[in-house]
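Notes for the structure review
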Amino acid sequence: MIDFNREVPYNKLPLLPPGIELETKTVLIKTISASRALAQLNGAIINLPNPRLFLDTIHLQEAKASSEIENIITTNDDLYQSLVAEKRFENPATKEVLSYKEALWLGIERLNARPFITTNLCVEIVQCIKKNSSGIRTIPGTTLSNTKGEVLYTPPSGENIIREKLANLEKFINQDESLDPLIKMALMHYQFEAIHPFADGNGRTGRILLLLYLKMTKLLDVPAIFLSEYIIKNKTDYYKKLRNVTENADWESYILYMLDMIETTAFNSLIRINEVIDLIEKTATNIKAELPKAYSKDLIEIIFKLPYTKRQFLIDAGLGTPKTVGNYLISLEEKGYLRSIKVGKEKLYLNHKLMEILEKH
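Residues numbered from 1 in each chain as written. Predicted model: local features only at pLDDT ≥ 70, side-chain atom pairs only at ≥ 80, totals over all residues. Heavy atoms only, no water.

Brief notes about helix α1 (residues 25-46)
- With 22 residues, α1 should cover 32 Å at 1.5 Å per step; its first-to-last C-alpha distance of 31 Å lies within 8% of that length.
- Three or more residues of α1 are buried, namely Val27, Lys30, Thr31, Ser33, Ala34, Ala37, Leu38, Leu41, Asn42, Ala44 and Ile45.
- Here the buried face of α1 lies against α7 (181-195), α8 (202-216) and α11 (251-290). (Helix = DSSP H or I, 4+ residues; strand = E, 2+ residues; numbered from the N terminus. Expected span 1.5 Å × (residues − 1). Buried < 20%, exposed > 50% of the residue type's maximum accessible area, 1.4 Å probe, protein only. Contact = heavy atoms within 4.5 Å.)

Examining the pattern of salt bridges
- Enumeration according to the criterion identifies 14 salt bridges in this entry.
- Here glutamate 247 ties to arginine 6 by a salt bridge, and the two come within 3.1 Å at their closest N and O atoms. Pair noted here: glutamate 247 is in helix α10 (residues 235-248) and arginine 6 is in the segment before α1, with a separation of 241 residues, a long-range link.
- The partly exposed category is assigned to glutamate 247, whose relative accessible area is 25%.
- Accessibility expressed as a relative area gives 34% for arginine 6, which makes it partly exposed.
- Across the salt bridge formed by glutamate 159 and arginine 163, the nearest N and O atoms sit 3.0 Å from each other. With a gap of four residues between them, glutamate 159 and arginine 163 both fall in helix α6 (residues 159-175), about one helical turn apart.
- Under the relative-accessibility criterion, glutamate 159 is labelled partly exposed at 31%.
- Residues joined in a network through salt bridges with shared partners are Lys30, Asp260 and Glu263. (Salt bridge = Lys/Arg side-chain N within 4 Å of Asp/Glu carboxyl O.)

A closer look at the packing of α1 against α11
- Relative orientation of the contacting elements α1 and α11 amounts to 25°, with a least axis distance of 9 Å. If you check the angle between α1 and α11, you find them roughly parallel. Seen along the crossing, α1 lies across α11 with a hand that is left-handed. For the pair formed by α1 and α11, the contact residues are Thr26, Val27, Lys30, Thr31, Ser33, Ala34, Ala37, Leu38, Gln40, Leu41, Ala44 and Ile45 on the first element and Glu252, Ile255, Leu256, Leu259, Asp260, Ile262, Glu263, Ala266, Ser269, Leu270 and Ile273 on the second. (Axes fitted to C-alpha atoms, helices over the stretch in contact; angles between N-to-C directions. Parallel < 35°, antiparallel > 145°, perpendicular 65-115°, else oblique. Left-handed = near helix turned anticlockwise from the far one by under 90°.)

Thoughts on the sheet that holds strand β4 (residues 339-343)
- Read from one edge to the other, the open sheet built from three strands follows the order β3-β5-β4, with strand pairing classed as antiparallel. Each end of this open sheet is capped by a strand with a single partner; those strands are β3 (308-309) and β4.
- Bridging between β4 and strand β5 (residues 346-350) involves five bridges; their strand directions are antiparallel. Note on β5: the bridge partner recorded for serine 340 is tyrosine 349.
- Against the sheet, helix α14 (residues 322-334) engages β3, β4 and β5, with an angle of about 45° to β5. (Pairing = 2+ DSSP bridges.)

Here we look at the packing of aromatic side chains
- With the rule as written, the count across this model stands at 10 aromatic pairs.
- Relative to tyrosine 254, the ring of tryptophan 251 lies with its centre 6.3 Å away and its plane at 65°, an arrangement referred to as edge-to-face. Taken together, the positions of tryptophan 251 and tyrosine 254, both in helix α11 and three residues apart, correspond to about one turn of that helix.
- By relative accessible area, which is 8% here, tryptophan 251 ends up buried.
- Within the aromatic cluster, the residues linked to one another by ring pairs are Tyr230, Tyr238, Tyr239 and Tyr257. (Phe/Tyr/Trp six-rings, centres within 6.5 Å; stacked < 30°, edge-to-face > 60°.)

Topic: the layout of surface pockets
- The calculated volume of the largest pocket comes to roughly 950 Å³.
- Along its surface, the largest pocket is lined by 31 residues, and Glu70, Leu144, Ser145, His196 and Tyr239 are the ones closest to its centre.
- Within the residue set of the lining of the largest pocket, elements represented by two or more residues are β1 (144-145), β2 (151-153), α7, α8 and α10.
- If one sorts the elements of the lining of the largest pocket by residue count, α10 sits on top with eight residues.
- Partitioned by chemical class, the residues of the lining of the largest pocket number 11 nonpolar, 12 polar and eight charged. (1 Å grid on protein atoms, 1.4 Å probe; cavity = no way out; pocket = protein on both sides within 12 Å on 5 of 7 lines; lining within 4 Å. Points joined across faces, edges and corners; volume = space filled by probe spheres on them. Nonpolar A, V, L, I, M, F, W, Y, C, P; charged D, E, K, R; others polar.)

Digging into empty space enclosed by the protein
- Summed over all chains, the structure comprises two cavities of 30 Å³ or more.
- Estimated volume of the largest cavity: approximately 70 Å³.
- Around the largest cavity, the lining comprises 11 residues; the ones closest to its centre are Phe54, Thr57, Ile58, Val276 and Leu358.
- Looking at the lining of the largest cavity, the elements that each hand over two or more residues are α2 (52-69), α11 and α15 (352-360).
- Among the residues forming the lining of the largest cavity, the class breakdown is nine nonpolar, one polar and one charged.
- The computed volume of the second largest cavity comes to approximately 40 Å³.
- Among the elements of the structure, α5 (119-130) and α6 are those that each provide at least two residues to the lining of the second largest cavity.
- The element contributing the most residues to the lining of the second largest cavity is α6, with four residues.
- Looking at the lining of the second largest cavity residue by residue, the classes come out as six nonpolar, two polar and one charged.

A word on the nonpolar core
- The biggest cluster of nonpolar side chains holds 118 residues, and the ones touching the most others in it are Leu212 and Ile255.
- Looking at this core, the element that brings in the most residues is α11, giving 16 residues.
- Setting aside residues up to four positions removed in sequence, isoleucine 255 forms contacts with Leu22, Val27, Ile183, Ala186 and Leu187. (Core = buried A, V, L, I, M, F, W, Y, C linked by side-chain atoms within 4.5 Å.)

Observations regarding the state of the cysteines
- Within the structure shown, the criterion is met by zero disulfides.
- For cysteine 122, which is in no disulfide, the shortest distance to another cysteine sulfur is to cysteine 128 and amounts to 13 Å.
- Accessibility expressed as a relative area gives 6% for cysteine 122, which makes it buried.
- The exposure class of cysteine 128 is buried, given its relative accessible area of 12%. (Disulfide = S-S within 2.5 Å.)

Everything listed here is a matter of geometry and, on its own, says nothing about what the molecule does.
As structure tokens, this is what we get:
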């Protein structure tokens with residue numbers, strides 16, 4: 001019998017790993033197919049001529065989706081224009097999404113320097129997302145409620161207890177090798193969300209940790225996967241499965257949900273990457289034939305790095321004088337490769353076919 005009351009701080013949250021059989025036949029079968037999908041995606045990313053070319057776009061899409069789960073909504077246009085344009089964007093949602101992307105990059109840098117997921121790293125990530133100096137919750141009274149105001153869960157309370165749970169989680173992530181890494185990833189995610197160590201930003205921090213874990217365990221060399229899109233499409237199920245672990249110790253259904261998330265998103269990411277690669281190759285071939293003076297490998301990379309580009313990017317890449325690169329962009333627009341748009345006093349150029357692929361999935 002689980003000693004749990006929704007309205008009382010869950011200070012008795014069990015430590016990891018749970019003392020039950022997790023690697024059931026059903027779970028292991030699903031683990032194999034999820035691992036295979038992830039390996040295919042990893043192979044496709046490693047074989048890209050320039051894997052970094054996709055990273056900004058992929059991480060921004062993940063940041064946008066992860067923020068959307070918390071009802072922080074922005075548009076692709078606002079998001080990408082705000083990265084490229086000099087005009088200041090005051091949309092708070094766009095700022096939060098960009099902070100998420102920055103926090104993800106910070107996590108990747110920290111992992112490259114020291115391949116461990118720690119409490120300190122979690123604190124750094126949430127501070128980067130929230131743009132403040134918040135740390136572990138110290139004030140009691142945190143509850144998670146539904147839209148009707150009914151309390152669904154009260155996380156552990158008291159800084160010492162929270163730190164104790166986090167220390168166990170840290171040890172489990174970095175030292176326990178008794179489980180398949182993907183099953184471990186599911187457990188790690190549940191436990192972090194159940195500890196709910198911060199006053200705000202737990203969901204987004206938890207989803208960044210998923211991407212960092214895939215990199216740390218070398219399941220995905222470059223964390224180029226859109227996990228949050230799956231959660232948005234299956235949001236009710238996501239929270240239901242988490243609650244069923246807490247209230248009924250139903251680990252199997254939750255682990256299967258997380259494995260399906262990995263498999264589905266790896267498959268979808270692979271499709272999207274292949275579509276973008278095809279578009280890059282066709283665009284390069286056509287520009288080379290139609291606009292040989294403008295064509296260069298660098299030009300193609302610039303117009304595919306993000307959906308929006310501008311003259312300064314071409315100048316910075318040494319592709320010619322302001323007049324020359326301006327003429328390149330005009331020619332590319334005339335031939336239908338780009339569409340210009342005025343943002344403030346600047347002219348930006350949209351790779352509309354790239355944006356269509358991003359918005360289609």
